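Observations on chain architecture
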Number of protein chains: 2
Amino acid sequence: MSTIDEVAFLAKVSVATVSRVINNNTNVSPETKERVLNAIARLKYQPNAMGALLRKEHTGMILILLHSVDNPFFSPIVQGIEYFAQSNGMNVLICTTYGDKNRENHYLDLLKSHFVDGLLLITNTLTCEELNELNRNYPVVQVVEYLPDCDASYFSIDFYQAAFSLVERLIEKGHHDIAFIHAGLADIVSTKKKYQAYCDALKKHNLEPIIEDISEHAFGYESGRTMTRELLKEHPSITAFFATSDLMACGILDELRDQGFKVPQDKSIISFDNTIFSTLVQPNLTSVDVNGFQLGYQSLEYLKKRINDKKFTDKLEVFLPYVIHERESS
Amino acid sequence: MSTIDEVAFLAKVSVATVSRVINNNTNVSPETKERVLNAIARLKYQPNAMGALLRKEHTGMILILLHSVDNPFFSPIVQGIEYFAQSNGMNVLICTTYGDKNRENHYLDLLKSHFVDGLLLITNTLTCEELNELNRNYPVVQVVEYLPDCDASYFSIDFYQAAFSLVERLIEKGHHDIAFIHAGLADIVSTKKKYQAYCDALKKHNLEPIIEDISEHAFGYESGRTMTRELLKEHPSITAFFATSDLMACGILDELRDQGFKVPQDKSIISFDNTIFSTLVQPNLTSVDVNGFQLGYQSLEYLKKRINDKKFTDKLEVFLPYVIHERESS
DNA sequence: ATTATACCTGTAAACGCTTCCATTTCTCAA
DNA sequence: TTGAGAAATGGAAGCGTTTACAGGTATAAT
């Protein structure tokens, strides 16, 4: 590995001049620049990032914390983030926590040690206090999921409104017994909002919620299947299912098929996320698209502002528009 | 931000001692350690990573280059990598190129500037020469896909053998007209091997390949659909489809359904990847599982050896075992 | 000819940490 | 009592950059 000194020596200039050439600084004569460039090429010189970054205020790295990469729901969000990053000379560090607090803390050290300039929290296991503490000292933005009463800004959609209108549509079509299929109500704000909207919409029309009180259920397909099975045992009158994710909706669908029901003739399904799963299964699923790309893009856009202006710490609570895709399942 | 000097001053020790405490070095008396720890706590001191890393040989960061995160096929690979990383105090930088050479080069600079210690190439657009050059100077390992005649090591599976035995099973079941649905044969080694095996297996039984000569086709669902449509027009006698990915197989499935065919009664499908898609659609797909987790895990394990021992540069060509999941589609 | 200005270049001081080496102090065996 | 070895600590030299500052030269204006 050659260093800037060797380049300077070979080009017969000072290291300052080499640095100027590397950073496209003006005030370097064409001939000198030429000489330096030649020396760089001859030595195959690559500036050492650590040396440079030690002197600079920022590293240009952003940390994304999410549960795992295997949920296609996150894909457009990450794409939006990356698109903005790409256009703004930033790099993105995607780190998966699998809901493990150790891993999360491990990665948060990257923020605290100034390895990264800011944090995009797509999912987290932090308490409100922890997040506040973090937000006080470092640029942090929550994406999609958020802690409602926390000081940290977030970009999300109005899950309540989306869920409410979805349920009302079902009711208008004559459904009375609508089940709520979810992955635990405890922590996640999106699920909470959906549940609240579901209850409110039913109450408005004097209907009763049908829901299983689960303690700890997994996300995903299997979970949708088992909950459907359980609920149908107790409430055979159910004609519609509200799934909090379309992967769960896939589980519902398969369980219904196995039990001999037709969708949407016998039972309807509505869901969230509008991932590729929605259109991969038969029938296609009615699903809410949260416009993850925009969510990701704008989150980083705002985070960048926070990074560049320490004084700019206003809490932002942004709800972007969503789109309901009505398909065959309802 | 407080620095190590301030901590040293407050604790009335030298910076050397503070550094020893931070790095859990021995040879620090309990009382001194206590004092330093107190000072650290009082100042909320966080060591600056850049300062430390400038002095150290390695950063503990690994770069993963892949096309995009929205293919569930990559998920277990990444998980395997992360699992090893986690257990070995390394960090993983997941970067998506979307097949864009600019983005790729941008990220490769992280390697060249020693921001990361090594590179795991899951997909790439590099030529063999470029990769050789890279491999000569930095620790690089290819995962799943690889350039066969390159100097860089790789961990993959024997796609040829897997494909060959799949096709033979179809032939044994009486299929004669077997179509090959792919996303372009040009670059990707896995597709090339599959195609070669497909042809060889057919030839062995005196059968003719059925394939569309495409120039530039997209991966994925849509592509599977259109190719199926085209091929069936010309070759209505086709009774089985070999899909190079299970997402394409999903496209085939839907196209067949739309045309009124039943799977597997009228037509059979076999595919690769064994992602969640394989079991999400009806009927479930016969698919080859490449054991991505092991592939990822062992790749990083080997990469780590290369990082720690510059002299260790033997080319490794590793084929791990795969599993064929026979399901309803064939 | 003189001065002001713009442009180019170099010197050297950071940036925040680790670690080699030297020094001091302490413990224990001879 | 002495000396050797171990343990604890500090001094200071880097690691490879960037950049403030200063100096030097050429050009243009007076």
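As shown above, the structure is provided for reference.
Position numbers for residues count from 1 along each chain, tracking the sequence in the order it is written. All chains are assigned letters beginning with A, and all ligands numbers beginning with 1, in the order in which they are written. The model is predicted, so local features are restricted to residues of pLDDT at least 70 and side-chain atom pairs to those at 80 or more, both for listing and for counting; the totals for chains, interfaces and linings are taken over all residues. Side-chain numbers come from the whole structure's heavy atoms, not from hydrogens or water.

**Structural notes on the interface of chain A and chain B**
- In this description, contact between two residues means that some pair of their heavy atoms is separated by no more than 4.5 Å. The interface is formed by 48 residues belonging to chain A together with 48 residues belonging to chain B.
- Two parts placed together each lose some accessible area; with a 1.4 Å probe, that loss summed over both constitutes the buried area. Across the chain A to chain B interface the summed buried area is about 4,400 Å²; carbon plus sulfur atoms make up 60%.
- Sorting the residues of chain A by area buried against chain B places A:Met50, A:Phe115 and A:Leu280 first, and these three jointly supply 14% of that buried surface.
- The term salt bridge refers to a pairing of a side-chain nitrogen on Lys or Arg with a carboxyl oxygen on Asp or Glu at a separation within 4 Å. Across the contact surface, chain A and chain B share four salt bridges.
- Across the pair A:Arg103 and B:Glu82 runs a salt bridge whose closest N-O atoms are separated by 4.0 Å.
- Under the rule applied, a polar contact is a pair of N or O atoms within 3.5 Å (in protein, one hydrogen donor and one hydrogen acceptor; residues adjacent in sequence only if both atoms are side-chain atoms). Run the count over chain A and chain B and you get nine residue pairs in polar contact (both at pLDDT 80 or more).
- Runs of E in the DSSP output that reach at least two residues are strands. Runs of H or I that reach at least four are helices, and both are numbered from the N terminus. Every element with two or more residues in the side of chain A that touches chain B is listed here: α4 (49-55), α5 (74-87), β2 (91-96), α6 (101-112), α11 (246-258) and α12 (277-280) of chain A.

**Some details on unusual backbone geometry**
- Geometrically, the link from A:Gln282 to A:Pro283 is a cis peptide bond, its omega value of -5 degrees lying close to zero.
- Residue placement: A:Pro283 occurs in the loop between α12 and β10 (286-289).
- Following B:Val263, the chain continues to B:Pro264 via a peptide bond in cis, the omega torsion being 5 degrees.
- With respect to the secondary-structure elements, B:Pro264 resides in the loop between α11 (246-258) and β9 (268-272).
- Backbone geometry at A:Asn206 places phi at a positive 55 degrees, although glycine is not the residue there.
- On the secondary structure map, A:Asn206 appears in the loop between α9 (189-204) and β7 (210-211).

**Topic: the protein's contact with DNA strand D**
- Near residues are defined by distance, with any heavy atom within 4 Å of the molecule or strand qualifying the residue. Inspection of the region around DNA strand D gives 27 residues, with A:Ser19, A:Arg55, B:Arg20, B:Thr32 and B:Arg55 positioned closest.
- At the protein interface, 57% of the atoms of DNA strand D within 4 Å belong to sugar or phosphate.
- At 2.8 Å, a backbone N or O of A:Ile4 approaches a phosphate oxygen of DNA strand D.
- In this structure, B:Arg55 approaches DNA strand D through a side-chain N or O atom, which is 2.5 Å from a base nitrogen.
- Only α1 (4-11), α2 (15-22) and α4 of chain A together with α2 (15-22) and α4 (49-55) of chain B provide two or more residues apiece to the surface near DNA strand D.
- Broken down by element, the residue count for the surface near DNA strand D peaks at four residues, all from α4(A).
- Just so you know the grouping, Ala, Val, Leu, Ile, Met, Phe, Trp, Tyr, Cys and Pro go in nonpolar, Asp, Glu, Lys and Arg go in charged, and all remaining residues, Gly too, go in polar. Tallied by class, the residues present in the surface near DNA strand D amount to ten nonpolar, eleven polar and six charged.

**Some thoughts on the relation of the copies chain A and chain B**
- Only residues with pLDDT of at least 70 in both copies contribute their C-alpha atoms to the least-squares superposition of the copies. Aligned on chain B, chain A shows an RMSD of 0.1 Å; the corresponding rotation is 180 degrees and the shift along the axis is 0.0 Å. Taken together, the rotation and translation relating the two chain copies correspond to the operation of a two-fold axis.
- A shared interface surface links the copies, since 100% of the contact residues of chain A are contact residues in chain B too.

**As for the sheet that holds strand β12 (residues 323-325) of chain B**
Residues and elements named next belong to chain B.
- With respect to topology, six strands assemble into an open sheet ordered β7-β6-β8-β9-β10-β12, the strand pairing being mixed. Two strands close off the open sheet at either side, each with one partner strand: β7 (210-211) and β12.
- One requirement defines pairing of two strands: DSSP has to find at least two bridges between them. By the bridge criterion, three bridges tie strand β8 (residues 240-243) to β9 in an arrangement that is parallel. Each bridged residue has a counterpart across the sheet, and for Phe242 the counterpart in β9 is Ile270.
- Along the sheet, helix α9 (residues 189-204) contacts β6 (178-181), β7, β8 and β9; its crossing angle with β6, the most-contacted strand, is approximately 170 degrees. Axes here mean lines fitted to C-alpha atoms, for a helix over just the part in contact, with angles spanning 0 to 180 degrees between N-to-C directions.

**Details of the pairing of strand β11 (residues 317-320) of chain B**
All names here are of chain B.
- With burial as the criterion, only one face of β11 is covered, namely that bearing Val318 and Leu320; the residues Glu317 and Phe319 on the opposite face remain uncovered.
- With four bridges joining them, strand β5 (residues 153-157) and β11 adopt parallel strand pairing. Along β11, the bridge assignment pairs Phe155 with Val318. To sort residues, take the accessible area from a 1.4 Å probe on protein chains only and compare it with the maximum for the residue type: under 20% means buried, over 50% means exposed, and anything in between is partly exposed.

**Re the protein's contact with DNA strand C**
- Taken together, 25 residues lie around DNA strand C, and A:Arg20, A:Thr32, B:Ile4, B:Tyr45 and B:Arg55 are the ones closest in.
- Restricting the count to atoms of DNA strand C within 4 Å of the protein gives a sugar and phosphate share of 55%.
- Between B:Asn48 and DNA strand C, the recorded distance is 2.9 Å, taken from a backbone N or O atom to a phosphate oxygen.
- Going through the elements one at a time, α2 and α4 of chain A together with α2 and α4 of chain B are the ones with two or more residues in the surface near DNA strand C.
- In terms of residues, the surface near DNA strand C owes the most to one element, α4(B), which gives four residues.
- Taken together, the residues of the surface near DNA strand C sort by class into ten nonpolar, ten polar and five charged.

**Remarks on α6(A)**
- Look at α6(A): 16 Å from first C-alpha to last across twelve residues, which is about the 16 Å you get at 1.5 Å a residue.
- Taken together, the buried positions of α6(A) are occupied by A:Arg103, A:Glu104, A:Tyr107, A:Leu108, A:Leu110 and A:Leu111. Viewed along the axis of α6(A), the buried residues span an arc of 135 degrees, placing them on a single side of the element.
- Elements in contact with the buried residues of α6(A): β1 (61-66), β2, β3 (118-121) and α7 (128-137) of chain A together with α5 (74-87) and β2 (91-96) of chain B.
- The N-cap of α6(A), judged by a side-chain oxygen 2.9 Å from the amide nitrogen of A:Asn102 a few residues on, is A:Asp100.
- Positive phi shows up at A:His114, right after α6(A), with a value of about 65 degrees. How far a helix is expected to stretch is found by multiplying one less than its residue total by 1.5 Å. What the arc describes is the spread of directions from the helix axis to the C-beta atoms.

**Thoughts on the sheet that holds strand β9 (residues 268-272) of chain A**
Residues and elements named next belong to chain A.
- Sheet architecture is open: six strands sit in the order β7-β6-β8-β9-β10-β12, paired in mixed fashion. Of all the strands in the sheet, just β7 and β12 (323-325) have a single pairing partner and so form its edges.
- Strand direction decides the pairing type here: strand β6 (residues 178-181) and strand β8 (residues 240-243), joined by four bridges, are parallel. The partner of Ile181 across the bridge, within β8, is Ala243.
- Packed on one face of the sheet, helix α8 (residues 159-172) meets β6, β8, β9, β10 and β12 and runs near 170 degrees to β9.
- Lying over the sheet, α11 contacts β6, β8, β9 and β10, oriented at roughly 160 degrees with respect to β9.

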